[in-house]
Amino acid sequence: MASAITTLAADAPTLSAANTGFMLICSALVMLMTPGLAFFYGGMVRVKSSLNMLMMSFISLGIVTILWVLYGFSLAFGTDSGSLIGWNSDYLGLSGIGITELWDGYTIPVYVFAVFQLMFAVITPALISGALADRVKFSAWALFTALWVTVVYFPVAHWVWGAGGWLFELGVIDFAGGTAVHINAGAAALGVILVIGKRVGFKKDPMRPHSLPLVMLGAGLLWFGWFGFNAGSWLGNDDGVGAVMFVNTQVATAAAMLAWLAYEKLRHGSFTTLGAASGAVAGLVAITPAGGAVSPLGAIAVGAIAGLLCAMAVGLKYKFGYDDSLDVVGVHLVGGIVGSLLVGFFATGGVQSDVAGLFYGGGLEQLGKQAIGVFSVLAYSLVASALLAFLLDKTIGMRVTEDDEVSGIDQVEHAETAYDFSGAGGGASSRSTAAPVPAAAASKKVDA
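Please read all numbers here as calculations on a predicted model, not as lab measurements.

Trainee: I would appreciate a short explanation of the pattern of salt bridges in the present structure.
Mentor: When charged atoms on two side chains of opposite charge get close, those side chains can pair. One pass over the full model with this rule turns up seven salt bridges. A salt bridge links Arg46 to Asp134; the shortest N-O distance between them is 3.1 Å. One end of the pair, Arg46, is in the loop between helix H1 (17-44) and helix H2 (50-77); the other, Asp134, is in the loop between helix H3 (110-129) and helix H4 (138-161), with 88 residues separating them in the sequence. The buried category is assigned to Arg46, whose relative accessible area is 18%. In this structure Asp134 comes out as buried when scored by relative accessible area, which is 3%. Here Glu405 makes a salt bridge to Arg399, at a shortest N to O gap of 2.7 Å. Here Glu405 falls in the buried class, since its relative accessible area comes to 4%.

Structure representation (structure tokens):
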């Protein structure tokens, strides 16, 4: 994020209508990513779980928004305390902020920065939900979301992007969320599924996506919204860095999709739509931390490496026996690690900062910093998330019953089904008006 890697201008900035408008548009694009994620995940599950999957993303828009206004923005971006957390009473309820008050060192209002960062906070717990498909009580998930953003996301966001945060001060480069968003969510997903266990029928029953068109729609919305996610993270549009990030986002995503499909063809013999969508998301994840530090050629390398490694990683759940329903660990955790570490190799020193990676004469110093950022966030999120899941499981219970899981979580938790075929041709009502079949003819049909 730009606030973690730039210095204040010598002259006091003034409000820029252009940058303010640009950032409001970027905020709306990032907001759209959460419904896009809902479609992406919703199409990947079986019919009986699709509404629940949609709701697990949508509820984050409600819960996290309110918590962010009440205290989340203060914890993440308030005045640093011990390099671990922030606090600013003016940010509580966003009540002490002037409407034209600028974010320190930038030309956009504090309100605009706060709402842009809110959308990052919203989508991060929603990412976790894909690992838990088919089996988690909706009430338990809602409570987990509220606790998780408070205990995990807000502090980690401060570490990485808040002035004074320890990873910020160390010099870890995370342009738009490789550590704070993707590694954070992926590690959390792993921690929770290790606590709650596998779905009924894991590795035995077919659990194919019920709607690949929905998956592709969701992937397209994510790709579209990700331009706001990434290019907007420079918090302005004055020096061309955001434009480089925009280009690198497109380039890396394309490279990752092609790499995933190539692996899939060689390994399994087919080019699948699910592979194309998953490869694109892997590229988006990997370029998120790195795109402001690498060239477009470097972005091709980052995307291709991430596409290949993530395609290989999604099969690890069958080898090690953890039930990551929709490959959150394989795509977001692995993709975030790959993109964050590759900064240490491909940073040119000529885009967002003068920090150069190993391949550009910078030695191993930045790679070491990136590794510290990666594995500290991974460890904290994994352990804290597992503990939260354990406490909830032992108190209110995290999982629906086995019978409810088998019959379908949509009907049990939401009293709805995704598709209503009662009015379609061939339903019970249409059969009741058909001419009766003679007994002899019916007997022949049975015999046949």
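Additional details are given in the paragraphs that follow.
Trainee: I tried to follow the layout of surface pockets on my own but got confused; where do I start?
Mentor: Gaps between atoms show up when a probe of the same size as a water molecule is rolled over them. Taken as a whole, the largest pocket spans an internal volume of roughly 810 Å³. Taken together, 35 residues form the lining of the largest pocket, with Leu274, Val314, Lys317, Tyr318 and Asp327 sitting closest to its centre. Elements represented by at least two residues in the lining of the largest pocket include exactly H1, helix H8 (241-268), helix H9 (273-290), helix H10 (296-313), helix H11 (316-320) and helix H12 (328-346). With five residues, H8 is the largest single contributor of residues to the lining of the largest pocket. Classifying every residue of the lining of the largest pocket by side-chain character gives 18 nonpolar, six polar and eleven charged.

Trainee: Help me out: how do you make sense of H8 in this one?
Mentor: Since the α-helix packs 3.6 residues into each turn, any two residues three or four apart lie on the same face. An ideal rise of 1.5 Å per residue puts 40 Å on 28 residues; H8 measures up with 40 Å between its terminal C-alpha atoms. Following H8 by one or two positions, Gly269 adopts a phi angle in the positive range, close to 90 degrees.

The rules we used
- Residues numbered from 1 in each chain as written.
- Predicted model: local features only at pLDDT ≥ 70, side-chain atom pairs only at ≥ 80, totals over all residues.
- Heavy atoms only, no water.
- Salt bridge = Lys/Arg side-chain N within 4 Å of Asp/Glu carboxyl O.
- Helix = DSSP H or I, 4+ residues; strand = E, 2+ residues; numbered from the N terminus.
- Buried < 20%, exposed > 50% of the residue type's maximum accessible area, 1.4 Å probe, protein only.
- 1 Å grid on protein atoms, 1.4 Å probe; cavity = no way out; pocket = protein on both sides within 12 Å on 5 of 7 lines; lining within 4 Å.
- Points joined across faces, edges and corners; volume = space filled by probe spheres on them.
- Nonpolar A, V, L, I, M, F, W, Y, C, P; charged D, E, K, R; others polar.
- Expected span 1.5 Å × (residues − 1).

None of the figures reported here should be taken as evidence of function without further support.
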